[in-house]
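The lines below spell out each chain.
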Amino acid sequence: MRDVTTAHPVQDLDVQPTPLALLLLGREADPRSERGVECPGDLPAPSDPDLVERARAAKEKLGNKVFVLGHHYQRDEVIQFADVTGDSFKLARDAAARPEAEYIVFCGVHFMAESADILTTDDQKVVLPDLAAGCSMADMATAEQVAECWDVLTEAGIADQVVPVSYMNSSADIKAFTGRHGGTICTSSNAKRALEWAFQQRESGTAKILFLPDQHLGRNTAVRDLGMSLDDCVVYNPHKPNGGLTAEELRNAKMILWRGHCSVHGRFSLDSVNDVRERIPGVNVLVHPECRHEVVAAADYVGSTEYIIKALEAAPAGSKWAIGTELNLVRRLANRFAPEGKEIVFLDKTVCFCSTMNRIDLPHLVWALESLAEGKLVNRIQVDPETEKYAKLALERMLALP
């Protein structure tokens, strides 16, 4: 057999990797994006049997100097070291409520750590154990794309009627854009209130909302909670000229939805709902509002991560539930409520973790904690003052919602 590895010598070609390739390899950072780089230190081996003890020892050494936040979607090996758990905004507020903590270690993704930095004091330092823990949804709206969108709205003659409402799952740049243009931030829990507020900011009957970056949350809130029709909504595609929309379509719309979505929640389908109802008679289908509209319409219950947890806490023993949200949380809830006789399954047959959230693992957490314990600040997330000013303004508008 011919040795194909030596039949044709490989020439040393002078080919430089593109910025996108470097991003995908985790070797470069784009300041306008949620993507980042691998941490620069030497991580402990994932097989190290002493990882748990090393994390515990480093955390004890740091004492009150460190406050560890754990998002609900984190894996159990990380959650066990969290001082508090919750969704992104709850955790950012928890961090702000602990001004004595010098270090905030955020076990979540990049935009969450940015929000924590915005809401905490200048003396506090927010650390993300792995800078490559980003968010595909937040990546779907860059500052340049949104600025171009605003130009399109201006050319269509409707910019003065539009109020931006940005989901918490967005970069600091997008939050700052929202603040500059008189808009507010929302979470999946208060999206209805945020939209009602936004419509009141312009003359009745002419107000429009630019909803960033998750089209599904915007559409579901407008149609399900505010009684609008699907025809009131258009989708702005930043990869097409003028967003793929005519000026007339923009003028007729009430909701201009950014073409973004969650890679986890977007995978659930109507077939998933129908299939689980066939497999488990009497099952209650409970989904997150980031799911597609047809999934939300077919579900029995719809709500935020906190809503899902509270619904299962209040559920009667023996009840059956199919949950449409991230698998780490679903599995944790299934284990938690199994002793109470509650059957909890993942809505889809296919296992699906949030891949970027799962980048925060025990080796990264150990490395971050041990580095801080040795006096070395690593992977700090810091929002520049100008961006922070307007992003905080948008966040404060949300906090002031009735």
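Attention here is on the structure that accompanies the text. (Residues numbered from 1 in each chain as written. Predicted model: local features only at pLDDT ≥ 70, side-chain atom pairs only at ≥ 80, totals over all residues. Heavy atoms only, no water.)

1. A look at the overall build of the chain
Stage number 1. Within the chain, the secondary structure is distributed over 18 helices and 14 strands.
Stage number 2. The buried share among the 402 residues of the chain stands at 55%.
Stage number 3. Of all intrachain contacts in the chain linking residues separated by at least 6 positions in sequence, the fraction that spans at least 24 positions is 68%.
Stage number 4. With an accessible surface of roughly 18,100 Å², the chain has 49% of that area assigned to carbon and sulfur atoms. (Helix = DSSP H or I, 4+ residues; strand = E, 2+ residues; numbered from the N terminus. Buried < 20%, exposed > 50% of the residue type's maximum accessible area, 1.4 Å probe, protein only. Contact = heavy atoms within 4.5 Å. Areas by Shrake-Rupley, 256 points an atom, 1.4 Å probe, with all protein chains shown as cover.)

2. A look at the sheet that holds strand β14 (residues 380-381)
Stage number 1. A sheet is described by the order of its strands in space; here five strands give the open sequence β2-β1-β3-β4-β14, paired in mixed fashion. With one partner strand each, in any of the chains shown, β2 (84-86) and β14 form the two edges of the open sheet.
Stage number 2. Examined bridge by bridge, strand β3 (residues 103-107) and strand β4 (residues 125-127) share three bridges and lie parallel to one another. Bridging from a neighbouring strand, V105 pairs with V127 of β4. (Pairing = 2+ DSSP bridges.)

3. Side note on the packing of aromatic side chains
Stage number 1. Applying the stated criterion across every chain yields a total of four aromatic pairs.
Stage number 2. Between the aromatic rings of F268 and F346, the centroid separation amounts to 5.4 Å while the plane-to-plane angle is 65 degrees, which identifies the pairing as edge-to-face. Within this pair, whereas F268 is found in the loop between β9 (255-258) and α13 (270-279), its partner F346 is found in strand β13 (residues 343-346), the two being separated by 78 residues in sequence. The same class applies to F268 and to F346, which are both buried.
Stage number 3. An angle of 40 degrees between the planes, with centres 5.6 Å apart, marks the rings of Y301 and W321 as tilted. A residue pair is termed long-range when its members are at least 10 positions apart, and Y301 in strand β11 (residues 301-302) and W321 in strand β12 (residues 320-324) qualify at 20 residues.
Stage number 4. The exposure class assigned to Y301 is partly exposed, which follows from its relative accessible area of 34%.
Stage number 5. Judged by relative accessible area, which is 6%, W321 ranks as buried. (Phe/Tyr/Trp six-rings, centres within 6.5 Å; stacked < 30°, edge-to-face > 60°.)

4. So, the side chain of H216
Stage number 1. Along the polypeptide, H216 turns up in helix α11 (residues 215-225).
Stage number 2. Its relative accessible area of 10% is what places H216 among the buried residues.

5. Observations concerning the pattern of salt bridges
Stage number 1. Applying the stated criterion across every chain yields a total of 18 salt bridges.
Stage number 2. Taking the shortest distance from any N to any O, the salt bridge between D48 and R54 comes out at 2.8 Å.
Stage number 3. With relative accessibility at 28%, the residue R54 sits in the partly exposed group.
Stage number 4. With its nearest N and O atoms 2.8 Å apart, the salt bridge here joins D83 to K59. (Salt bridge = Lys/Arg side-chain N within 4 Å of Asp/Glu carboxyl O.)

6. Structural notes on the packing of helix α15 (residues 305-314) against helix α16 (residues 327-337)
Stage number 1. One can describe the packing of α15 onto α16 by two numbers: an axis separation of 11 Å at closest approach and a directional angle of 20 degrees. Comparing their axes, α16 and α15 come out roughly parallel. With respect to the hand of their crossing, α15 and α16 are arranged in right-handed fashion. Of the residues in α16, those in contact with T305, I308, I309, L312 and E313 of α15 are L329, L333, R336 and F337.
Stage number 2. Tallied by class, residues from the contact of α15 with α16 come to six nonpolar, one polar and two charged. (Axes fitted to C-alpha atoms, helices over the stretch in contact; angles between N-to-C directions. Parallel < 35°, antiparallel > 145°, perpendicular 65-115°, else oblique. Left-handed = near helix turned anticlockwise from the far one by under 90°. Nonpolar A, V, L, I, M, F, W, Y, C, P; charged D, E, K, R; others polar.)

7. Considering the nonpolar core
Stage number 1. If you look at the biggest cluster of nonpolar residues, it comprises 111 residues, and the most contacted ones within it are V105, F211, M255, V287, I344 and L369.
Stage number 2. The leading source of residues in this core is helix α17 (residues 362-373), at eight residues.
Stage number 3. When residues no more than four places from it in sequence are discounted, the contact partners of V105 are V66, F67, V68, L69, V127, P129, L365, L369 and L372.
Stage number 4. Among the nonpolar cores identified, the runner-up in size contains 21 residues, and A156, L212, I256 and W258 belong to it. (Core = buried A, V, L, I, M, F, W, Y, C linked by side-chain atoms within 4.5 Å.)

8. Section: the packing of helix α3 (residues 51-62) against α17
Stage number 1. Running from N to C, α3 and α17 cross one another at 30 degrees; their axes reach a closest spacing of 9 Å. One way to sum up the angle between α3 and α17 is to call them roughly parallel. Crossing geometry of α3 relative to α17 is assigned as left-handed. Facing α3, whose interface residues are L51, V52, R54, A55, A58, K59, K61 and L62, α17 presents L362, P363, V366, L369, E370, L372 and A373.
Stage number 2. In the contact of α3 with α17, the residues fall into 11 nonpolar, no polar and four charged.

9. Some words on the sheet that holds β9
Stage number 1. With parallel pairing, five strands are arranged side by side in an open sheet as β6-β5-β7-β9-β8. Both outer strands of the open sheet, β6 (184-186) and β8 (233-236), are each paired with one neighbouring strand and no more. Across this sheet, the average inter-strand angle for adjacent strands is 25 degrees, counted without regard to direction.
Stage number 2. Strand direction decides the pairing type here: strand β5 (residues 162-167) and β6, joined by three bridges, are parallel. Along β6, the bridge assignment pairs V165 with T184.

10. Here we look at the side chain of Q124
Stage number 1. Tracing the backbone shows Q124 in the loop between α6 (110-119) and β4.
Stage number 2. At 2.7 Å, the side chain of Q124 and the backbone oxygen of R98 are in polar contact.
Stage number 3. With sequence-adjacent residues up to four places away left out, Q124 is seen in contact with A95, R98, P99, A101, E102, I104 and R380. (Polar contact = N/O pair within 3.5 Å; in protein donor to acceptor, adjacent residues only side chain to side chain.)

11. Observations concerning the pairing of β9
Stage number 1. Where burial is concerned, the two faces of β9 agree: the one with M255 and L257 and the one with I256 and W258 are both buried.
Stage number 2. Taken together, the four bridges between β8 and β9 define a ladder with parallel strand orientation. Within the sheet, the bridge partner assigned to V235 lies in β9 and is L257.
Stage number 3. This β-α-β element, β8 to helix α12 (residues 247-252) to β9, shows right-handed connectivity. (Right-handed = clockwise from strand over helix to strand, strands pointing away.)

Geometric values such as these leave the question of function open.
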